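# Observations on chain architecture
In case you want the letters, here they are:
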Amino acid sequence: MGIFARIIDGLGSGKQAHVNNENALLVTQFTCPPLLPQKNKIYRQYLTDDGTSDGDEDMLVDGSTTNVDFWVQADNDNDRYITAVNFEISDDGSKLKFFGATNILTNGCQFFYERPDDTVYLHEELKTSWHFMRMGMVMLSPLVDIKPAKDINAKVDAFCCVMNFTQIMPPYGLKLDAGSKQKLTLRVCDDLTAANMPDTFDAIAYGFDRFE
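Attention here is on the structure that accompanies the text. None of the values given here were measured: they were computed from a predicted structure. (Residues numbered from 1 in each chain as written. Predicted model: local features only at pLDDT ≥ 70, side-chain atom pairs only at ≥ 80, totals over all residues. Heavy atoms only, no water.)

## Points about the overall build of the chain
When helices and strands are tallied, the chain shows 2 helices and 10 strands. The order of α-helices and β-strands along the chain, N terminus first, is β-β-β-β-β-α-β-β-α-β-β-β. For the chain, whose C-alpha radius of gyration is 22 Å, the value lies well above the compact-globule estimate of 17 Å for 212 residues. The principal-axis extent of the C-alpha atoms belonging to the chain is close to 80 × 40 × 30 Å. Considering only contacts within the chain whose residues lie at least 6 apart along the sequence, 70% involve residues at least 24 apart. Of the roughly 13000 Å² of accessible surface on the chain, a fraction of 50% belongs to carbon and sulfur atoms. The positive charge centre, built from 19 side chains, and the negative charge centre, built from 31, are 6 Å apart in the chain. (Helix = DSSP H or I, 4+ residues; strand = E, 2+ residues; numbered from the N terminus. Rg over C-alpha atoms; globule rule 2.2 N^0.38 Å. Contact = heavy atoms within 4.5 Å. Areas by Shrake-Rupley, 256 points an atom, 1.4 Å probe, with all protein chains shown as cover. Lys, Arg positive; Asp, Glu negative; His and termini not counted. Charge placed at Lys NZ, Arg CZ, Asp CG, Glu CD.)

See below:
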């Protein structure tokens, strides 16, 4: 004969553990998703010069005298998790040893996120396409097989680097606390407006917002 038992919240709320129609105790997610309201919303935004979806995402700017930041920021109400950032560097004849096709940056770019008490750098001097690819932990063998995507737009070639935060901060990626000033930033420290610079340089952040 079975024993009748109830599992009740020990903090005094009176809430009880729930067994669904598949006889599963809802304490962790099982093979079939529970029939409960979705608490996550997909987040996707370019890193922009003001941190909002309406800002400018074109990172081909002059940051040589005054550095220029492009970022995504925490939401006012919901925790935000960044799972990946996709960088695009496109230029006709792009090569790994250059930033695009014809140059190596002098100061480069910095990629970092700001926490309440410090700043954490993913890379301090991104000067070539290879620096971006390496930061994204590209693991191809042999290395000569890493080639740009061809003819993406009017015969322009492109390198795409994906920074996967779920690999280095599992399982949910980089968390930006609700209501905080935390943000993820790409800082341009060179003049990227010259004629020999790439045709495109931008980044898109992907993830989700967790709400009540």
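## Some points on the pairing of strand β5 (residues 119–126)
Across 5 bridges, strand β4 (residues 109–114) lies against β5 in antiparallel orientation. Note that in β5 the partner of F112 across the bridge is Y121. Adjacent in sequence and paired antiparallel, β4 and β5 are bridged by 4 residues. (Pairing = 2+ DSSP bridges.)

## Overview of the packing of aromatic side chains
Evaluation of the coordinates by the stated rule reveals 9 aromatic pairs. A ring pair is formed by F99 and F132, whose centres lie 6.3 Å apart and whose planes are at 35°; its orientation type is tilted. Of the two residues, F99 is situated in the loop between β3 (79–91) and β4 and F132 in helix α1 (residues 129–135); the sequence distance between them amounts to 33 residues. The pair F99 / F132 is uniform in exposure class, with both members buried. Aromatic side chains F112 and Y121 sit 5.2 Å apart centroid to centroid with 45° between the ring planes, which places their arrangement in the tilted category. Overall, the relative accessible area of 2% leaves F112 in the buried class. Taken together, the aromatic side chains of F87, F99, F111, F132 and F201 make up a single cluster linked through ring pairs. K183 extends its terminal NZ or CZ atom over the ring of W71, reaching a point 4.2 Å from the ring centre. (Phe/Tyr/Trp six-rings, centres within 6.5 Å; stacked < 30°, edge-to-face > 60°. Buried < 20%, exposed > 50% of the residue type's maximum accessible area, 1.4 Å probe, protein only. Lys NZ or Arg CZ within 6 Å of the ring centre and 35° of its normal.)

## Some details on the sheet that holds strand β9 (residues 183–188)
Ordered in space as β2-β9-β4-β5, the 4 strands form an open sheet in which the pairing is antiparallel. At either end of the open sheet lies a strand with only one pairing partner, and these are β2 (68–73) and β5. When the angles between neighbouring strand axes are averaged without regard to direction, this sheet yields 15°. (Axes fitted to C-alpha atoms, helices over the stretch in contact; angles between N-to-C directions.)

## Some remarks on a nonpolar patch on the surface
A grouping of I7, V19, L25 and V27 is seen on the molecular surface, where their side chains present a nonpolar patch of about 370 Å² in accessible area. Relative to the helices and strands, V27 resides in the segment before β1 (40–46). (Patch = residues over 30% accessible without salt bridge, like charges linked within 9 Å, V, L, I, M, F, W, Y side chains within 5 Å. Salt bridge = Lys/Arg side-chain N within 4 Å of Asp/Glu carboxyl O.)

## Topic: the pattern of salt bridges
Taken as a whole, this structure holds 8 salt bridges when the rule is applied. In this structure, the salt-bridge partner of D79 is K175, at a minimum N-O distance of 3.6 Å. Of the two residues, D79 sits in strand β3 while K175 sits in strand β8 (residues 174–176), which places them 96 residues apart along the sequence. For K175, a relative accessible area of 33% translates into the label partly exposed. Ionic pairing is found between D177 and K175, a salt bridge with its closest N-O pair at 2.4 Å. Classification of D177 as partly exposed rests on a relative accessible area of 27%. One salt-bridge network, held together by shared partners, links D75, R80 and D209.

That's the geometry; what it means functionally is another story.
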